[in-house]
Structures are given as C-alpha cells and as structure tokens.
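# Structural features, examined
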Amino acid sequence: MVAVSSWGRLGQFEHQVHRLSDRLSVANQLQRDRYGLAFGMGRSYGDVCLNPGGVLWKTTGLDRFISFDENSGKLLCEAGVLLRDIQRLCLPRGWMLAVVPGTQYVTVGGAIANDIHGKNHHKAGSFGDHVLQFTLARTDGSLMQYRPADAMFAATVGGLGLTGVITEVELQLQRVPGPWLAVETLAYRNLTEFFDLADSSEADWEHTVSWVDCLSGEGRGIFMRANSVDAGKDQPRSGRSIKVPFVPPVSLVNQWSLRPFNSLYFHQKKSQRASVQHYETFFHPLDNVLEWNRIYGPRGFFQYQCVLPRSVGKEATQAILRRIARSGTGSFLAVLKTFGERESKGLLSFAMPGVTLALDFPNQGAPTLQLLSALDAIVREAKGRLYPAKDARMPVDLFESGYPRLKEFLTHRDSGISSAMSRRLMGN
Amino acid sequence: MSRPRIVIIGATSAIAEQCARLWVRAAVDIVLIGRDLVRVSRVAADLRVRSPHSSVTAHEVNFFNPASITTLAQKLAVEKAIDIVLIAHGNLPDQKECEQDITQAREALEVNGVSPVLFAEAFAQQMEPVGRGTIAVIGSVAGDRGRKTNYVYGAAKGLVERYVQGMQHRFAHSKINVVLIKPGPTATPMTAHLPQRGMASAEAVASRIIAAIDAGTPVAYVPAKWAIIMMVIRHLPRAIFNKLNI
C-alpha cells in the first residue's frame, strides 16, 4: 500500500498502485483487479482521482507517441502522455494543443476525463472538442475505439474516469506561428468593467482570463487577453523553476499576507499594457513553482470553481465575492473568466455558457466548510454548477442539479470502477 | 559527421526507453532489440515521432541463443560500424520463489547474468577489429554484496560486473570503452510492487547513464549517492552485516 494524495493535499490515503505500461494488456489488468480507478498526475484537487483502500491504475507509464502527421496536425498517442510533452514535440513543427489548462503537468487521459478548459474557451471549447477518437479499456476485459458520434464518447469526455481507462487518443492539434503570444493587460475596478472587457474582447482575442482580488468585494482585478503571434524570436525561454522545499507548519496564505499581497499585485499590474510572452509564462505561470500546493500548509486547501449562467452571472459573482470579502479568507490565486456560448460534448462536462470563478481556500476546517456552503447556496440559486476536478466536498443535491444529464451518464459507467468522489456523489 | 549508430538490447525496459528518448534528441541511427517484436516496435514508433530525422529499426531476438545473438551482432556491424551498444535487459525475480524453485533461480541467473554478457561478448567481437566503440552494460548495486533478500538477482549482476571488469582489462589500451552502470532502485514497472519512496526516476537514471557513456566512466553508480552507500555496505564487517535485515 502506498499513501497518495491529490493536489489539494487534504489527506493522504493508502492505495494499491498498479503501474500500467503496456497499452494492449491494460484491459486484462483491469479485469484482474476488477475494482480500481485510473490515476495520472494527480493534479485534480479533491477526490476525483482517489480510491482509498483500493487500486489505482497509474497511467503515466503509457507515455508513448504513436504517430504524428505534420500536414494535418493529427496526433495519436497513449493516454499517459503529458500535455507538456505534446507541446514540446509539436511546437517546433508548427502545432499546439488547441486547449490547455493552467498546468501542463497533466495526462491526456486526465484532460479528457475532466474535460478541461483553457483561456480560449470562447473560441475553442473544451479539450473534448479536439479529440478525434480514443480507445477505452473496461473491467470486463474489452478494448474498444470510440468517436465523437458514439454515446460512450460523450460519457467518457468529462466522465471522471468512471467509464473505463483510456489507453490511446487521437487529437486534432491547432496550427500556430510559434510559442509566443501578444498579451494585453488591463485593470478593471468592478464586475461591470470586467464583463465589458470580456465581451468586447471575445471577437478579436483568442485567450481571455482575469485575476480577481477576492477581498475587494466589488471585484477589481486584472484582465489579460492574448493572441498567438509570429514574434520572430526563437530563443528558448529560460527554463528556471523554483520549488517550495517543504510544507510550512501553517498556511503562508492567511489573513495577514493576503490583503497586502493582493493590493500590491493589483497596483503593480494595473499600469502594465502590452507585452510578448512565451506560452508557458502566459498559460502555466505556476508550473515554474514546483509543488506550490505546499504553501497552504499541512492541512491542505480547497479549490472552489463554479460556473454561473450569464443571465445572473454578474449578480451571483458579486454575491460570492462579497461573501468571501466578508470572511477575510481566500487566496491570491483567484480567476474570473467568461465561457463562450457553446455546450460541451461530455454528459458531465463542466464548461457551459456563463462565467466561471475559481479560488483557493486554505483548509481551516469548519469555518472554511461553512463559507463554502454559503457559496453553494448562491451557486444553487443561480442554477450554476461546481467543477468536479476541483471538488472535495460539494453536496449531492448541488451535483445533481448542476449536472442534469447524470442519469444518462450512469448507464455508461464501468461497474468495476469506483472513486472516492463517485461513492460520495453517486452512491457507489 | 554521420549519425552515430546506437544499439539497445532490452529496448522495452523503462530505463532503456528513457535513454533512447534522450539519444534521439539529436539525429541518430538507433537499433532496438527485444524479445517481443510487437513491444519493441511500439517503442520504435514513439521514437520516430519524437525524432523524424533519426533512423529507428526494431528487431526481435532470442536472448539465450548464442548463435542468434552472434548473427544479429554481425549483421548490425556489417550494415554500419556500431558506436554504442547498451545492454539493458533483465528482470527482478522473487527471491523466496527462487529459493523454493530452482528452475526460477536458473531463469533469473540466465536473463540477468548470462544473457547480458553473451551480448557484450558478441558485440565486442564486432568492435575489436574496428578498434573503437562503447559497450555499456546495466548491472546493479545489488551485485556489490550478496544479501538474503535478493541474492539470486545480486549474483547474476555480480557475474556481469566481473565479466565487464575482465573486458575492461582486455580493452584497456584500445579506444573501446566498456562501461558498467549500477543503478540503485529505480521507479520502473520492474519495481512497481515495491515501496517507491526514495526511488530515482527512470528519466533521471537515463540521463546519468548517457553522461557515463559519453565520458567512458568504467563504473557508474546512478544516482551517485549509491557509490557511497554501497562502499559502506561492502565494507561492513560480517558480524554487523549479518544483523541487518536488508
């Protein structure tokens, strides 16, 4: 047995870890183990990737490329390949992943299972929109290929790993002129300004995102928008990274550090304008701080990410921010972004038209859970939903109301696969 | 300069595969050899995607048949002089099962000890007339001193060490380098059932192996800390050693 924790570090749980490395024997391994769950890089925050007391099938050994067509941008690879490795392989040949999340240290299989999104959702949708086909191993020993028209495809995209273990994936990459982005940075003083900026940027900017000061109440922040450019430079970005060397005894993000930090960041950034940035700096700023999740101390942290329908988006976001400001907790890492007017492919995909807010909260036990419940009430009333990839505690009713296609999804589950999250939210 | 020719025996092993990925960052002519062509071909396909400018070929061979090994080494050397051969195959037997069933013990000794040195000898035959090249063999820290928990594996790796030592003596005055790599516990499918704490990653081990091959280091412990740990273990007086549960 091996102790495994997810990115939120809320606990360490004993698992039997079985490493997969031969893609053709995965179905047999699943059948032998019968009860288990796929585990990639463990970058989801809560319990979606955990199966305490049971088997985890570690997929990072399934990390081979199979073929890449430089003319069409179609890449076939095993499901444990990291997004980072795809970018590094394909960028010099003029292609990039169409959708990337905040970290590139995730596997392709994990990106599909959580149907992750990026800063270009309004243009490109979510990860599942660029999957041409995949091969799925199930605990009945079967190994089958699925394409977007198949029901199992929609169940597996965003399916939280509960429909089987993905072994192979074909992706459609996107043509890019190079690794550089022209970035504009604009300060906003309140949510009205945020939505104006977001709406006016959608047509002409591929990527939009914002940092929001979670203690400001009014919702001031820094809006960033970017387009790929041919910067004509090809010098590699310095690959220096730092590491949080140990877990501090208390969270470094606390009531004394947060307010000055947010204020400083806002005032420093508000005068910035245009710059050219490397994609890793723009998309994955935290990837250079190895093990940054340690800063929240030994008790770990919750990430809370919701999406709220556009019709009530502004009011609900305002209510959430005011509630957080009143609590005085939260984190420097708070992101506010609009999603485009498009539905996702997956039955349980998170992204939907509206506005999404994501913030970290150091785990302080009961007070933190109370605050999150108060936020739940706002999300529930707004008919929004929470992101399972980030969740460790949402109530069942909020999950069920947020994901109306859950019943349909359940018919596609693999009965030999179960996670802490599925037991918590689906009963088994 | 033309692309260097690199031959990897046991190319589907995790450490060998990581070495190959590092080598193909430059354009190389790489030959992958394994026991199962389907699995070797999978590694070959991956390397071709990573390095379209490299030549990657895959071969299957019986690891225990001296005639097949000699024929393959000859064929590869005739095609093009070999610059590097990395001999990386092996598996970790269950010590207890080997004690109860000496058939398993024999198999473990053959695959971890006899087979690697047969390959080393066969490729040495081809390199000797050319007068240059590097033969790198993966041994193990387990070969440094017999321990009750894995002496079957340790004995096989000890055989490899002594054999390689002899070859180093033989080629001391030539441009043929013989390199013995001794990895400590490495996180690979071979060790997946063991606690992973303190294990080096296959990627990290691979980059040290390539550095040792480039430098022609006769004996390279990877990670380097194992040189010190094993020096202590080799020199522990028997009375103390026998009390240790290792």
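Before going into details, it helps to say that this report is about the structure given with it. (Residues numbered from 1 in each chain as written. Chains lettered and ligands numbered in written order. Predicted model: local features only at pLDDT ≥ 70, side-chain atom pairs only at ≥ 80, totals over all residues.)

## Some points on the overall build of chain A
Looking only at helices and strands, one finds 13 helices and 21 strands in chain A. In terms of C-alpha radius of gyration, chain A reaches 21 Å, essentially the compact-globule figure of 22 Å for 428 residues. Taken along the three principal axes of its C-alpha coordinates, chain A extends 55 × 55 × 45 Å. Put simply, chain A has 428 residues, and 51% of those count as buried. (Helix = DSSP H or I, 4+ residues; strand = E, 2+ residues; numbered from the N terminus. Rg over C-alpha atoms; globule rule 2.2 N^0.38 Å. Buried ≥ 20, exposed ≤ 12 C-beta atoms within 10 Å, placed from the backbone.)

## Things to note about the sheet that holds strand 6 (residues 74-78) of chain A
Residues and elements named next belong to chain A. The antiparallel open sheet is built from five strands, whose spatial order is 5-6-10-8-9. Bordering the open sheet on either side are strand 5 (65-69) and strand 9 (143-146), each of which pairs with just one other strand. Averaged over all neighbouring strand pairs, the angle between strand axes comes to 10°, with direction disregarded. Here five bridges tie strand 6 to strand 10 (residues 165-172), and the two strands are oriented antiparallel to one another. Bridge pairing in strand 10 places Cys77 opposite Val169. (Pairing = 2+ DSSP bridges. Axes fitted to C-alpha atoms, helices over the stretch in contact; angles between N-to-C directions.)

## Regarding the packing of helix 9 (residues 310-327) of chain A against helix 10 (residues 366-381) of chain A
All names here are of chain A. Between helix 9 and helix 10, whose axes approach to 10 Å, the crossing angle comes to 165°. Between helix 9 and helix 10, the crossing angle belongs to the class labelled roughly antiparallel. Note that helix 9 runs across helix 10; the crossing there is right-handed. From helix 9, Ala316, Ala319, Ile320, Arg323 and Ser327 reach across to helix 10, where they touch Leu371, Ala374, Leu375 and Ile378. (Parallel < 35°, antiparallel > 145°, perpendicular 65-115°, else oblique. Left-handed = near helix turned anticlockwise from the far one by under 90°. Contact = placed C-beta atoms within 7 Å.)

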